Amino acid sequence: MSETQAMFCYQCEQTAGGTGCTRSGVCGKSPTVAALQDLLIFGLKGVAAYAYHARELGVHDDEVDAFLAEGLFATLTNVDFDVDRFIGYNLECGRINLKTMKMLNEAHVARFGAAMPTAVETGAKAGPAILISGHDLLALENLLKQTEGQGINVYTHGEMLPAHGYPGLKKYPHLAGNYGGAWQVQQREFAEFPGPIVMTTNCVMAPKGDYKDRLFTMGPVGVGVQQIKGFDFSAVIAAAKALPPLAAKAEKKITTGFQHQAVLGLAGPIIDAVKSGKIRHFFLIGGCDGAKPGRNYYTDFAQAVPQDCVILTLACGKYRFNKLEFGTVPGTAIPRLLDIGQCNDAYSAVEIAVALAGAFKCGVNELPLSFIITWYEQKAVAILLTLLHLGIKNIRLGPSLPAFARPEILKVLQDNFNLMPITTVEADLAACLKK
Ligand code: SF4
Ligand code: SF4
């Protein structure tokens, strides 16, 4: 959207000039309502992704389904022009997203057991291999079952890393390790991987020619490559046997599996460490990664966090720093870096924050806890709306503020929640530690 362009909507026949309403709607829709509708649609997309995975696992929720339908209906032409009602829908979208992430967490735990801290290999074993990326743990389970006893190692990529923490998945000895980093480097990493690659969800990139023939997609994902029907991985397994094997490579281990069930198991030592001054502050540094150079901010921030502070992280933004050495909080056995899991495990982060607030008899905003969030796409929008729905203030968001959030909407977010853009590591860290 250019500076002179107040909005862009081309969803109905009466659109201005037959190309799009850019100053105000021919229908009477204001630029603010147009922006709020866009925000709602983006939030709904995030909720839909989590609801999709929950439904795959056999659970759904009538209220979530009804909200998805009503929210979309409200954005139809000539249905709702009311700014206040759309502001209500935004915050309601955050509540519904929290409910959906909770539903998905419970479905994962019911099927795979509660995640537990687990050290994960990032090197490789020699032999035939399959790489699986995205967020769909059910797809991974099916792949592991179908490759059992076949001499094929399965490696996780991107957001599949937290799978290693679940008892129902880590029990498979051929779940060999985590390979590569976040989604935006997949074109290089997939080209280097010799075996077949399965992309279960976002974030997939248009494949380069050198791995297109061994890339498989499933579910709603499609980039013009072979599509897996249901959970039938026979073509992937055949490809793994026919393609060159992966060479052995030694690398360090990283740890995942610190969802709320595991962290709350450490609640006693953590609370004691805070009370005795061994832990000064908690930072939630995480969210969606992306390709912009400014995202080095998150690596630099994590490295600058003082030794007496704990970093909670989630989603693929963690690949900016999760192979660095953070050790333990001095004088304790508490790791300084706790990987909570996938983006949907933001639910676990909320549970941890609420439990800490309960233990210290204060609100979440009074905790020595700062949110340093990196956003990229619409799941992050849904999660941001969840944090705002919970009344969480002083969130630092980057690397840039969403272009769809018009100045008047940003002002509402800044006035009510003190949502702010990231600045410099030094300034932001100092401001957080003053809390
Ligand atoms: S719905 Fe309204 S703003 Fe959108 S294209 Fe139609 S007239 Fe324009
Ligand atoms: S965390 Fe966000 S950017 Fe990363 S793979 Fe998941 S949806 Fe994509």
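Keep in mind the model is a prediction, meaning the values are calculated, not measured.

Caption draft 1: Focus on the domain arrangement of the chain. Structurally, the chain comprises domain 1 (16-112), domain 2 (118-242) and domain 3 (257-433). Taken together, the contact pairs 24 residues of domain 1 with 20 residues of domain 3. Every element with two or more residues in the side of domain 1 that touches domain 3 is listed here: helix H1 (31-56) and helix H3 (83-112). With 13 residues, H1 is the single largest residue contributor to the side of domain 1 that touches domain 3. For the side of domain 1 that touches domain 3, a count of residues per class yields 13 nonpolar, seven polar and four charged.

Caption draft 2: Representation of the site of ligand 2. Neighbouring ligand 2 are 14 residues; Cys203, Cys288, Ala315, Cys316 and Cys343 lie closest to it. Here the shell around ligand 2 is built from residues that sort into eight nonpolar, two polar and four charged. Looking at which domains feed residues into the shell around ligand 2, each of domain 2 (118-242) and domain 3 (257-433) supplies at least three.

Caption draft 3: Just the packing of H3 against helix H12 (residues 346-359), in detail. Closest axis-to-axis distance for the H3/H12 pair is 8 Å, and the angle between their directions is 100°. Between H3 and H12, the crossing angle belongs to the class labelled roughly perpendicular. Residues Leu98, Met101, Lys102 and Asn105 of H3 lie in contact with H12, whose contacting residues are Ala346, Tyr347, Ser348 and Val350.

Caption draft 4: Quick look at the site of ligand 1. In the region of ligand 1, the neighbouring residues are Cys9, Tyr10, Gln11, Cys12, Gln14, Thr15, Cys21, Gly25, Val26, Cys27, Lys29 and Thr77. Counted by class, the shell around ligand 1 contains six nonpolar, five polar and one charged residues.

Caption draft 5: View of the sheet that holds strand E6 (residues 215-217). Strand order in this open sheet of six strands is E4-E3-E2-E5-E6-E7, and the pairing throughout is parallel. Looking along the sheet, the strands with just one partner apiece sit at the ends: strand E4 (175-178) and strand E7 (226-227). Of the pairings in the sheet, the one linking strand E5 (residues 197-199) to E6 comprises three bridges and is parallel in character. The residue bridging methionine 199 from the neighbouring strand is threonine 217, located in E6. Contacts between helix H4 (residues 137-147) and the sheet are confined to strand E2 (129-133), strand E3 (153-156), E4 and E5, with E2 contributing the most and set at about 170° to the helix. Docked against the sheet, helix H8 (residues 234-242) engages E2, E5, E6 and E7, running at close to 135° with respect to E2.

Caption draft 6: Here's a closer look at the sheet that holds strand E11 (residues 337-341). Taking strand neighbours across the sheet as the criterion, the six strands line up as E11-E10-E9-E12-E13-E14 in an open arrangement whose pairing is parallel. Among the strands making up the open sheet, the edge pair consists of E11 and strand E14 (420-421). Inspection of the sheet shows strand E10 (residues 309-314) paired to E11 by four bridges, in the parallel sense. Paired with isoleucine 311 across the bridge in E11 is leucine 337. Here H12 sits on the sheet and contacts strand E9 (281-287), E10, E11 and strand E12 (369-374); the angle it forms with E10, its principal contact strand, is near 150°.

What counts and how
- Residues numbered from 1 in each chain as written.
- Chains lettered and ligands numbered in written order.
- Predicted model: local features only at pLDDT ≥ 70, side-chain atom pairs only at ≥ 80, totals over all residues.
- Domains from an automatic or database assignment.
- Contact = placed C-beta atoms within 7 Å.
- Helix = DSSP H or I, 4+ residues; strand = E, 2+ residues; numbered from the N terminus.
- Nonpolar A, V, L, I, M, F, W, Y, C, P; charged D, E, K, R; others polar.
- Near = placed C-beta within 6 Å.
- Axes fitted to C-alpha atoms, helices over the stretch in contact; angles between N-to-C directions.
- Parallel < 35°, antiparallel > 145°, perpendicular 65-115°, else oblique.
- Pairing = 2+ DSSP bridges.

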